[in-house]
Amino acid sequence: MVPGAENRVRNFPSLRDRPMTLLSNLPPQIASFVVDVFRLAFWLVLLIAIFAPLERLFAQRPSKFLRPQIGNDLAYYFLSSLVPGALMSVPLAVVAKLAQKLLPAGFHDSVRGLPLWLGISAGLIIADIGSYWGHRLSHEIRFLWRFHAIHHSAEHIDFLVNGRAHPIDMVVTRMSGLVPLYILGLGSAGLAGSMLPIVITLIGTFLGFFLHANVRWRFGPLEWLVATPAFHHWHHSRADHIDHNYAATFPWVDRMFGTFYLPGHFPADYGSQTPMPTTLTGQLLSPMESPVVVALRIKKESEGLQARGPLCREL
C-alpha cells in the first residue's frame, strides 16, 4: 500500500457518515424537514412496490401507472403528510392541557391504565366516529366542501388518491378523530405521552391507501365489519352515493348513522360535479377563490396548457 494511504482511507468520511454530517450542519428545523422528506420517499417506494403489482394483477378498472393527474397525486402525497402535522401540533397540545384541567382528577390515569388491546380497540372506535363526523360535515358544510372537493376530483381511483387532499381538509378530518382521544386521555401531545394516536394514525394511513386501491376484491361478510375498497369506492362515485360511506375503518358506523351503502358491484364512474382546476396550484388555491375565478382559471388551463406533457401540465 502507498505510504500514508491507510491513514487517508481511515480518515476519509464514509458514505454512510456523509448524510449525517450534512444534516448536522443544517438548522434543526431544516434538518428535520429533510429527514421527513427522505422518510416519506422511502415509504412511497414501499407503497408502490406493494400496490402497483396488485393493481395491475387485480385491477377493478385497468389503467396505466402514469395516468392523468399522477404528478399532482405524488405532490399531494408529500404535502398531506408534512403540512397537517405541523398545523395540528399546537391545537392538540392545547386540547390535552384543557382536558387535564376540566376532567376529574385521576380520570386520565384510569384510562391510561386500560390493557393495551382495550385501549387500541376503544381508540380506533372513538377516532372513527370522530372522523366520520368530520368527514360528513366536510360534505354538508359548503365552506368545508370547497377544500374536500379536491379529494373527490379524482376520476380514477388508485392507492395514490389517498393522499390527494388539501392540507386544511386533512387537518379537519384528522382533528375530528384525534381530539376525542386527547379529551378522553387516550393520547398525549407530548413526546412522553401515549403512543395510541400514533398507532391509530399509522393504521388509518395504511388502511387509507388500501381503501383507495384499484382492486376488484370483495370480502364477503367481513365487509360489514371493516372498511374495504368496494365500500370506499362508492363514496367516490360521481353523484349517486357520494354522501355515503364516510367511515374510515368501521362500516357499521355508517349503518349506525344511516349512511351505509354497499351493493354487489363497483361504481360506474368516479369524480365530482364540482369544477376543479387540473394544476396543483389551481387546486390548492380554488377553495379560497370565488366560483367565477375558478371557472376562469379552468378555462385558461384548458386553452394554454394542452400542448404540455401530463406531468408538466399538472404542476
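Residues numbered from 1 in each chain as written. Predicted model: local features only at pLDDT ≥ 70, side-chain atom pairs only at ≥ 80, totals over all residues. Heavy atoms only, no water.

Caption draft 1: Structural context of the overall build of the protein chain. Summing up its helical and strand segments, the protein chain has 14 helices and zero strands in all. Along the protein chain, helices (α) and strands (β) appear in the sequence α-α-α-α-α-α-α-α-α-α-α-α-α-α when read from the amino end. Each of the 315 residues in the protein chain was classed as buried or not, and the buried ones make up 41%. Taking contacts inside the protein chain between residues at least 6 apart in sequence as the whole, the part at least 24 apart equals 72%. When the accessible surface of the protein chain is totalled, it reaches about 17400 Å², and 69% of it is carbon and sulfur. (Helix = DSSP H or I, 4+ residues; strand = E, 2+ residues; numbered from the N terminus. Buried < 20%, exposed > 50% of the residue type's maximum accessible area, 1.4 Å probe, protein only. Contact = heavy atoms within 4.5 Å. Areas by Shrake-Rupley, 256 points an atom, 1.4 Å probe, with all protein chains shown as cover.)

Caption draft 2: Local environment of the packing of aromatic side chains. Following the criterion strictly, the structure yields 19 aromatic pairs and no others. Seen from their ring centres, F51 and F206 are 6.0 Å apart, and the 40° between their planes marks the pair as tilted. Taken together, the residues F51 in helix 3 (residues 28-57) and F206 in helix 9 (residues 196-212) connect sequence positions 155 residues apart. Of the residues examined, F51 reaches a relative accessible area of 2% and is grouped as buried. An aromatic cluster is present here, built from F51, Y77, F78, F159, F206 and F209 joined pairwise through their rings. Above the face of the F266 ring, R218 is positioned so that its terminal group lies 5.7 Å from the ring centre. Seen from the ring of F260, R255 lies directly overhead, with NZ or CZ sitting 5.1 Å from the centre. (Phe/Tyr/Trp six-rings, centres within 6.5 Å; stacked < 30°, edge-to-face > 60°. Lys NZ or Arg CZ within 6 Å of the ring centre and 35° of its normal.)

Caption draft 3: Summary view of unusual backbone geometry. Not every positive phi belongs to a glycine, and Q69 is a case in point at roughly 75°. Counting through the fold element by element, Q69 comes out in the loop between helix 3 and helix 4 (70-102). Backbone geometry at N245 places phi at a positive 55°, although glycine is not the residue there. Along the chain, N245 turns up in the loop between helix 10 (229-235) and helix 11 (251-257). Note on N245: relative accessible area 0%, which makes it buried.

Caption draft 4: Representation of the nonpolar core in the model. By size, the foremost hydrophobic cluster in this structure holds 46 residues, and its most contacted members are F51 and L92. Those residues within four positions of F51 in sequence are excluded, and the remaining contacts are F159, F206, F209, F210 and A213. Formed by eight residues, the second largest nonpolar core is a distinct cluster that contains Y76, W145, A149 and I242. (Core = buried A, V, L, I, M, F, W, Y, C linked by side-chain atoms within 4.5 Å.)

Caption draft 5: Helix 8 (residues 167-183), seen in detail. In a regular helix each residue adds 1.5 Å, so 17 residues correspond to 24 Å; helix 8 covers 23 Å between its end C-alpha atoms and thus fits that length. At M175, helix 8 is deflected by roughly 35°, the largest bend along its length. Along helix 8, the residues classified as buried are P167, D169, M170, V171, M175, G177, L178, V179, L181 and Y182. At its buried positions, helix 8 is contacted by helix 4, helix 5 (107-112), helix 6 (116-140), helix 7 (142-152), helix 9 and helix 12 (280-285). Backbone geometry just after helix 8 places G185 at a positive phi near 85°. (Expected span 1.5 Å × (residues − 1). Bend = angle between axes of the 7 residues up to and from the residue.)

Caption draft 6: Quick look at the pattern of salt bridges. This model, assessed by the stated rule, comprises nine salt bridges. R67 is the salt-bridge partner of D158, the closest N and O atoms lying 2.5 Å from each other. One end of the pair, D158, is in the loop between helix 7 and helix 8; the other, R67, is in the loop between helix 3 and helix 4, with 91 residues separating them in the sequence. A salt bridge links E223 to R218; the shortest N-O distance between them is 2.8 Å. Relative accessible area serves as the criterion here: at 6%, E223 is assigned to the buried category. When salt bridges that share partners are traced, they join R67, D73, D158 and R164 into one network. (Salt bridge = Lys/Arg side-chain N within 4 Å of Asp/Glu carboxyl O.)

Caption draft 7: Just the environment of W224, in detail. Summarising the element assignment, W224 is placed in the loop between helix 9 and helix 10. Since its relative accessible area comes to 46%, W224 is described here as partly exposed. Between the C-alpha atoms of W224 and R255, which are 31 residues apart in sequence, the distance is 9.2 Å. Dropping the residues within four chain positions of it, W224 is found in contact with P251, W252, R255 and F260.

Caption draft 8: Representation of the environment of G185. For G185, the position within the fold is in the loop between helix 8 and helix 9. You can call G185 buried: its relative accessible area is 2%. Those residues in contact with G185 that sit more than four places away from it in its chain are H108, V111 and R112.

Caption draft 9: Fine view of the packing of helix 6 against helix 9. As a packed pair, helix 6 and helix 9 sit with axes 10 Å apart at the nearest point and diverge in direction by 60°. The orientation of helix 6 relative to helix 9 falls into the category oblique. Remark: the crossing between helix 6 and helix 9 carries right-handed chirality. On helix 9, the residues touching G119, I120, G123, L124 and A127 of helix 6 are L196, I200 and I203. (Axes fitted to C-alpha atoms, helices over the stretch in contact; angles between N-to-C directions. Parallel < 35°, antiparallel > 145°, perpendicular 65-115°, else oblique. Left-handed = near helix turned anticlockwise from the far one by under 90°.)

Caption draft 10: Here's a closer look at the confidence of the model for the protein chain. Averaged over every residue, the pLDDT of the protein chain is 84; residues scoring 70 or more account for 84%. Per-residue pLDDT, averaged within each element of the protein chain, yields its smallest value for helix 14 (residues 310-314) (48) and its largest for helix 11 (97). Taken as a whole, residues 189-193 scores under 50 in pLDDT and shows five contacts with residues more than four places along the chain or in a different chain. Scored below 50 in pLDDT, residues 311-315 shows 19 contacts in the model against residues more than four places distant or in partner chains. (pLDDT = per-residue confidence, 0-100.)

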